[in-house]
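The primary structure of each chain is shown beneath.
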Amino acid sequence: PSLPLPLQVCFIGRSNVGKSSLIRALFSLAPEVEVRVSKTPGHTKKMNFFKVGKYFTLVDMPGYGYRAPQDFVEMVEAYLQERHNLKRTFLLVDGVVGLQKTDHIAVEMLEEFGIPYVMVLTKIDRASRGLLLKNVLEIQEFVKENTQGCFPQLFLVSSVEFSGVHLLRCFVAHITGNLPTVEAS
Ligand code: GDP
């Protein structure tokens, strides 16, 4: 029998959405886990593979945006179509500006490929309560009306204040099978 493929989760989002900060924040909460980074060779905008101990691999996609639509199509789409052993995709959305046109393109792609994903609202420390509430309500409404594959619960995070990061970490642990329930003995 062949070895099981290592489980993967993948993080995607517009350039500057706060993706690298969030990945750093997630790992800095678990200093006991060895994280090894490797890159895809031969690309200008690289994918980073964070191998998290023996548990799973976090795949960091190149940020998409006005200047990098080609990277997005070529790398993200190619990766997502291959699937690997992808457990869940995390789509990062800027909590200050909410869903943008390019985010909608990402959503359409995930929906089209039938890939289960979760939306994560970043930089929540930078948005006022009112603005944050407005963006959350808008996104929840959008998710309810327009998506099939999106997890109904939004995750709100700040990599500066570390809010929501523990919860997100638990969710990642859960979906990668690293949060087993305790059997009563
Ligand atoms: P990436 O391009 O998606 O990897 O984004 P970065 O992680 O490099 O972040 C882009 C900018 O947003 C940087 O100036 C970060 O310091 C800032 N940033 C990222 N996360 C947060 C956050 O949670 N709160 C605040 N206030 N700024 C953030």
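Before going into details, it helps to say that this report is about the structure given with it. The shown structure was predicted, so the numbers you read here are calculated from the model rather than taken from an experiment.

**What about the nonpolar core?**
Part 1 of the reasoning: One finds I12, L80, L91 and M119 to be the most contacted residues of the largest nonpolar core, which totals 34 residues.
Part 2 of the reasoning: Going through the elements one at a time, β1 (8–13), α2 (69–82), β5 (86–94), α3 (101–113), β6 (117–122) and α4 (129–146) are the ones with two or more residues in this core.
Part 3 of the reasoning: Beyond its immediate chain neighbours, meaning those up to four positions away, I12 contacts K19, M61, Y64, V76, T89, F90, L91, L92, A106 and L110.
Part 4 of the reasoning: Judged by nonpolar contacts, the second largest core, of 25 residues, contains L26, F50, F56 and V165.

**Examining the packing of aromatic side chains**
Part 1 of the reasoning: Evaluation of the coordinates by the stated rule reveals six aromatic pairs.
Part 2 of the reasoning: Ring centres of F151 and F171 lie 5.0 Å apart, and the angle between their planes is 50°; this geometry places the pair in the tilted category. Of this pair, F151 sits in the loop between α4 and β7 (155–156) while F171 sits in helix α5 (residues 165–175), placing them 20 residues apart in sequence.
Part 3 of the reasoning: Note on F171: relative accessible area 12%, which makes it buried.

**So, the side chain of N135**
Part 1 of the reasoning: Looking at where N135 falls in the secondary structure, it is placed in helix α4.
Part 2 of the reasoning: Apart from the residues within four sequence positions on either side, N135 is in contact with G95, V96, V97 and G98.

Here is what the cut-offs are and how they apply
- Residues numbered from 1 in each chain as written.
- Predicted model: local features only at pLDDT ≥ 70, side-chain atom pairs only at ≥ 80, totals over all residues.
- Heavy atoms only, no water.
- Core = buried A, V, L, I, M, F, W, Y, C linked by side-chain atoms within 4.5 Å.
- Buried < 20%, exposed > 50% of the residue type's maximum accessible area, 1.4 Å probe, protein only.
- Helix = DSSP H or I, 4+ residues; strand = E, 2+ residues; numbered from the N terminus.
- Contact = heavy atoms within 4.5 Å.
- Phe/Tyr/Trp six-rings, centres within 6.5 Å; stacked < 30°, edge-to-face > 60°.

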